[in-house]
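# Summary of structural features
Now for the letters of each chain:
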Amino acid sequence: MRDLKLPEQRHPEKAHRKDNAQPKKPKWIRVKAPTGEGYNATKKIMRENKLVTVCEEAGCPNAGECWSQGHATMMIMGEICTRGCTFCNIATGKPDGLDAFEPGRVAMAVQKLGLNHVVITSVDRDDLDDGGAEHFAQTIRAVRHRSPKTTIEILTPDFLKAKPGALETVVEAKPDVFNHNLETVPGLYLEVRPGARYFHSLRLLQRVKELDPSIFTKSGIMVGLGEKEPEVKQVMDDMRAADVDFLTIGQYLQPTPKHHGVDRFVTPEEFASYEKAAYGKGFLMVSATPLTRSSYHAGDDFARLRDAREAQLAKV
């Protein structure tokens, strides 16, 4: 049996890679170990409903804070991804078949946690004809049925190898926020995100807006991978050209020596500069801090995003 707790079995595609040194983290991105009643209660609900979370699988540094508040990002369609991005800590390999009861279990967990806003993501499923689009749609509908007042944010794969109509299937289920991360600048794609295509991902976000302008679109990148400031600002321009509403920028943290090395730790002052530049380019919402992740403070950010749109429309 494959043991996903062992790095060489979790990431067989990285076994041949040379080790990259893992530099000591600066004081501004150190976090406390997860503890407390809220954390344990959230963990219990996840286990009772046999759910996978990206918080655990990707080793998110904010898991303790978010789980203590009852916020966990559900990861559907299993814990094994069909791709092997060099930055990612999610296991790579051949996934199991889909669980038809998973959408219902996600909806049950959302109801038990009493969430006002939920983030649902997934592994890449290039083995499925539709890339898992229908499973996303079923999960959205199940959550809507049990918790009609809960706003739903999805963080999807790129559906690069899916049959035509996959994206339309997800959009028709009407999530409140459609997030797909570009992850890095285009010049680093072959090294960091080899299974993806920058302009395909960009077009995916643009297409969501064309299909349903009422859905907020969101995307994020990591910094500290080797990108330069002008490249980051070009990505901002590309996102705005695709009508992306919400941008997240966070520090890349290296999961293991076999993963892509940290080029540098970007300072809080640089993040503040990126945030100012992004707002200047017209984003409705920007989150740019060392610890920013796609779903970090997603509920609060959604409320601000909605307010920003209403304020914008009031000026028209």
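Quick look at the structure, then. (Residues numbered from 1 in each chain as written. Predicted model: local features only at pLDDT ≥ 70, side-chain atom pairs only at ≥ 80, totals over all residues. Heavy atoms only, no water.)

Our focus in this paragraph is the overall build of the chain. Of regular secondary structure, the chain possesses twelve helices and ten strands. With 316 residues in all, the chain has 53% of them scored as buried. Here the chain displays about 14,800 Å² of accessible surface, and carbon together with sulfur accounts for 53% of that area. (Helix = DSSP H or I, 4+ residues; strand = E, 2+ residues; numbered from the N terminus. Buried < 20%, exposed > 50% of the residue type's maximum accessible area, 1.4 Å probe, protein only. Areas by Shrake-Rupley, 256 points an atom, 1.4 Å probe, with all protein chains shown as cover.)

Put simply, helix α5 (residues 102-113) and helix α6 (residues 133-146) touch, their axes get as near as 8 Å, and they point 35° apart. Here the hand of the crossing between α5 and α6 comes out right-handed. The segment α5 lies against α6, with E102, P103, G104, V106, A107, M108, V110 and Q111 engaging H135, Q138, T139, A142, V143 and R146. Of the residues assigned to the contact of α5 with α6, the class counts are seven nonpolar, five polar and two charged. (Axes fitted to C-alpha atoms, helices over the stretch in contact; angles between N-to-C directions. Left-handed = near helix turned anticlockwise from the far one by under 90°. Contact = heavy atoms within 4.5 Å. Nonpolar A, V, L, I, M, F, W, Y, C, P; charged D, E, K, R; others polar.)

Attention now goes to empty space enclosed by the protein. In total, this model carries one cavity of 30 Å³ or more according to the counting rule given. For the largest cavity, the calculated volume is near 50 Å³. Along the walls of the largest cavity sit R83, D124, R125, D126, L128, G131, P157, D158, F159, L160, K161 and A162, which together make up its complete lining. (1 Å grid on protein atoms, 1.4 Å probe; cavity = no way out; pocket = protein on both sides within 12 Å on 5 of 7 lines; lining within 4 Å. Points joined across faces, edges and corners; volume = space filled by probe spheres on them.)

Our focus in this paragraph is the pairing of strand β6 (residues 151-155). Among the five residues in β6, five count as buried, and that is most of the element. Of the two faces of β6, both are covered, the one formed by T151, E153 and L155 as well as the one formed by I152 and I154. Bridging between strand β5 (residues 117-122) and β6 involves five bridges; their strand directions are parallel. Residue pairing across strands places V119 opposite E153, the latter belonging to β6. Following the chain from β5 across α6 to the adjacent parallel β6, one finds a crossover that is right-handed. Two strands pair when backbone bridges link them, and β6 and strand β7 (residues 177-179) are joined in this way by three bridges, in the parallel orientation. The partner of L155 across the bridge, within β7, is N179. In this region the chain leaves β6, passes through helix α7 (residues 166-172) and returns to the parallel neighbour β7; the handedness of that crossover is right-handed. (Pairing = 2+ DSSP bridges. Right-handed = clockwise from strand over helix to strand, strands pointing away.)

A few words now on the state of the cysteines. Applying the stated criterion to the full structure yields zero disulfides. Of all cysteine sulfurs in the structure, the one in C88 sits closest to C85, which takes part in no disulfide; the separation is 6.3 Å. For C85, a relative accessible area of 13% translates into the label buried. (Disulfide = S-S within 2.5 Å.)

So, about the packing of aromatic side chains. Here the structure, examined in full by the defined rule, presents three aromatic pairs. Considering the side-chain rings of Y198 and F199, the 5.0 Å spacing of their centres and the 85° angle between planes classify their relative orientation as edge-to-face. Joined through ring pairs, the aromatic side chains of Y189, Y198 and F199 make up one cluster. Here the guanidinium or amino end of R240 rests over the ring plane of F283, the centre of that ring lying 5.5 Å away. Here the basic side chain of R309 rests over the ring of F216, its NZ or CZ set 3.7 Å away from the ring centre. (Phe/Tyr/Trp six-rings, centres within 6.5 Å; stacked < 30°, edge-to-face > 60°. Lys NZ or Arg CZ within 6 Å of the ring centre and 35° of its normal.)

As a further point, take the pattern of salt bridges. Two side chains that carry opposite charge are able to pair once their charged atoms sit near each other. By the definition in use, this model includes 20 salt bridges. For E13, the salt bridge is made with K14, and the minimal N-O distance between the two is 2.5 Å. Residue classification places E13 among the partly exposed residues on the basis of a relative accessible area of 23%. The residue E168 makes a salt bridge to R207 at a minimum N-O spacing of 3.5 Å. Here E168 is found in helix α7, whereas its partner R207 is found in helix α9 (residues 198-211), with 39 residues between them in sequence. Taking relative accessible area as the criterion, E168 reaches 23% and is therefore assigned partly exposed. (Salt bridge = Lys/Arg side-chain N within 4 Å of Asp/Glu carboxyl O.)

Between its first and last C-alpha atoms α9 spans 20 Å; for 14 residues at 1.5 Å apiece the expected length is 20 Å, and the two agree. For α9, the full list of buried residues reads Y198, S201, L202, L204, L205, V208 and K209. On an axial view of α9, the arc spanned by its buried residues comes to 150°, and they lie on one face. Its buried side turned inward, α9 meets α7, β7, α8 (189-192), β8 (216-223), α10 (229-241) and α12 (298-315). (Expected span 1.5 Å × (residues − 1). Arc of directions from axis to C-beta.)

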